[in-house]
Amino acid sequence: MINNDIIRKVRYILDLSNAKMLRIFAKAKHEITQEEVINMLKKESEEGYQPCNDKIMCMFLDGLVIYKRGLKPGAEVPEPLSQLTNNLIFKKLRVAFELREDDIIEALTLAEFNMSKSELGALFRKPGHKHYKACGDQVLRNFLMGLSLKYRPKPAEA
């Protein structure tokens, strides 16, 4: 998935303002301007679009974890990774939203995407493990859709 799409979806799920976005980046010790945030939130076809590289995405996700859960006592802000996979993005979102296996399965089910616990567990294994499975864009996209359905339910019809 494109990092900009993930940031847009997370912003929507949590209803984050530009100011909150700046605070999230600041939690990961990354100074970013409001204009840069706005440009990252634009679609590729819009003028001023700024692609979000893996390092910036990692800082956003690390900042999100700290924003939502706080920093462990004695821990420091992690150094951003220069290369992210869907598996790492999924893991960081899982930590930020404090989700257990059942919560993730529930979110995927809301998005009408079925996955067993063993399939899900394979996504969180270390690369090189015999049961490791790469997380595809479809899984990550449906997970984000499920989170949006869970945290931003549609208003009741009158």
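Read on for an overview of the structure. Throughout this description, residue numbers start from 1 for each chain and increase along the sequence as written. Per-residue local features of the predicted model are confined to residues with pLDDT of at least 70, and side-chain atom pairs are confined, for both listing and counting, to 80 or more; whole-chain, interface and lining totals are unaffected and use all residues. Side-chain calculation: all heavy atoms of the structure are included, whereas hydrogens and water are not.

## Remarks on the state of the cysteines
Which entries qualify depends on this criterion: Two cysteine sulfurs form a disulfide in these notes if their separation is within 2.5 Å. Residue exposure (1.4 Å probe, protein chains only): buried if accessible area is under 20% of the type maximum, exposed if over 50%, otherwise partly exposed.
As enumerated under the stated definition, the model contains 0 disulfides in all. There is no disulfide at Cys 52, and the cysteine sulfur nearest it, in Cys 58, is 10 Å away. With relative accessibility at 7%, the residue Cys 52 sits in the buried group. The class for Cys 58 is buried, based on a relative accessible area of 0%.

## A word on the nonpolar core
Most often, soluble globular proteins keep nonpolar side chains buried together rather than apart. For the record, the criterion: Throughout, nonpolar core names a set of buried Ala, Val, Leu, Ile, Met, Phe, Trp, Tyr and Cys residues whose side chains join them through atoms within 4.5 Å. Only DSSP runs of H or I covering at least 4 residues are called helices, and only runs of E covering at least 2 are called strands; the numbering of each starts at the N terminus. We call two residues contacting when some pair of their heavy atoms lies within 4.5 Å.
If you look at the biggest cluster of nonpolar residues, it comprises 47 residues, and the most contacted ones within it are Phe 90, Leu 93, Leu 140, Phe 143 and Leu 144. At 9 residues, the largest contribution of residues to this core is made by helix 4 (residues 54-69). In contact with Leu 93, not counting residues within four places along its chain, are Val 10, Leu 61, Leu 64, Leu 140, Phe 143 and Leu 144.

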